Structure formats: structure tokens, C-alpha cells
Amino acid sequence: MNEQLTRSDLRTMARKAADYITFNCEGVSEGFEITYKGYMVFVDYRNDGQTEAVRVADVWDRAGNEYPEIADVLQTMLN
């Protein structure tokens, strides 16, 4: 069972996603995963040359349980 995430944990997860986009995507669209405290976050980054869009597609734990409420919070933090 995963531990309960705090606000600080959610900020860390959002920062990890934002840092990945900043330091790895280089304006190229891609999907990627980040992990933190037993949770896996799938992020879809799109850049058409004029606009950028970030979508938190899903959040899972090690057991495969989905957490749409965490995805929603992260989505808000990244936009």
C-alpha cells in the first residue's frame, strides 16, 4: 500500500514533470513517465511550434490502481 501524499509530495511530482519538460523535451512532443514514492505519473507534452500543452494522462501506484484525483491536481499545478 502506498503512503498518503502530502501537498509537498504533489509539488515535488509537478516539479519533476516540469523539470523533465524543461531539460529533456527541448520543444519536441513526447510522452514520459515520472515516479515518486511508489506512484507513476504519465505526462503527455505537445509542442506544435507555436503552442505548448501539458496533459497529465494518468497516475498509478505499484499495484496498478489509478488515481484520477492526483492526476487532476498535478494537471492544475502544471498549467
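Each remark here, short or long, concerns the structure printed above.
Residue indices follow the written sequence of each chain, beginning from 1 at its first position. The predicted origin of the model limits local features to residues at a pLDDT of at least 70 and limits the giving and counting of side-chain atom pairs to 80 or more, whereas totals for whole chains, interfaces and linings rest on all residues. With hydrogens and water stripped out, all remaining heavy atoms of the structure feed into the side-chain values.

(A) Layout of the pairing of strand E1 (residues 30-36). Should DSSP find at least two bridges between two strands, the strands are regarded as paired. Strands here are runs of E lasting at least two residues and helices are runs of H or I lasting at least four, both read from the DSSP assignment and numbered beginning at the N terminus. Strand direction decides the pairing type here: E1 and strand E2 (residues 39-47), joined by seven bridges, are antiparallel. From the neighbouring strand, Thr 35 faces E2, where its bridge partner is Met 40. As consecutive antiparallel partners, E1 and E2 are separated by two residues, and within that stretch Lys 37 has a phi angle of approximately 50 degrees, a positive value.

(B) Structural context of the environment of Trp 60. With respect to the secondary-structure elements, Trp 60 resides in strand E3 (residues 52-61). A residue is classified by how much of its surface remains accessible, and Trp 60, at 23% relative accessible area, is partly exposed. The spatial distance from the C-alpha of Trp 60 to the C-alpha of Gln 4 is 13 Å, given a sequence separation of 56 residues. Counting of polar contacts relies on pairs of N or O atoms within 3.5 Å, with two restrictions inside protein: one atom must be capable of donating a hydrogen and the other of accepting it, and residues adjacent in sequence are counted only when both atoms are side-chain atoms. At 3.5 Å, the side chain of Trp 60 forms a polar contact with the side chain of Asp 58. Relative accessible area decides the class of each residue, using a 1.4 Å probe on protein chains only: under 20% of the type maximum gives buried, over 50% gives exposed, and in between gives partly exposed.

(C) Structural context of the pattern of salt bridges. The term salt bridge refers to a side-chain nitrogen of Lys or Arg lying within 4 Å of a carboxyl oxygen of Asp or Glu. Under the definition given, this model contains two salt bridges. Two residues, Lys 37 and Asp 9, come together in a salt bridge whose shortest N-O distance is 3.0 Å. Highlighted residues: Lys 37 in the loop between E1 and E2 and Asp 9 in helix H1 (residues 7-25), separated in sequence by 28 residues. Linking Asp 44 and Arg 46 is a salt bridge whose minimum nitrogen-to-oxygen distance equals 2.6 Å.

(D) Main features of the nonpolar core. Put simply, a nonpolar core is a bunch of buried Ala, Val, Leu, Ile, Met, Phe, Trp, Tyr and Cys residues held in one set by side-chain atoms that sit within 4.5 Å of each other. Core analysis: the largest hydrophobic core is formed by 22 residues, its most contacted members being Met 13, Phe 32, Val 41, Val 59, Ile 70 and Leu 74. When residues of this core are traced back to their parent elements, those giving at least two are H1, E1, E2, E3 and helix H2 (68-78). Ranked by residues supplied to this core, first place goes to H1 with six residues. We call two residues contacting when some pair of their heavy atoms lies within 4.5 Å. Residues within four places of Val 59 in sequence aside, it is in contact with Tyr 39, Met 40, Val 41, Asn 65, Glu 66, Tyr 67, Ile 70, Ala 71 and Leu 74.

(E) Up close: unusual backbone geometry. The phi angle at Glu 26 is positive, at roughly 50 degrees, despite the residue not being glycine. Inspection of the secondary structure puts Glu 26 in the loop between H1 and E1. Judged by its relative accessible area of 69%, Glu 26 is exposed. Unlike most non-glycine residues, Lys 37 shows phi in positive territory, near 50 degrees.

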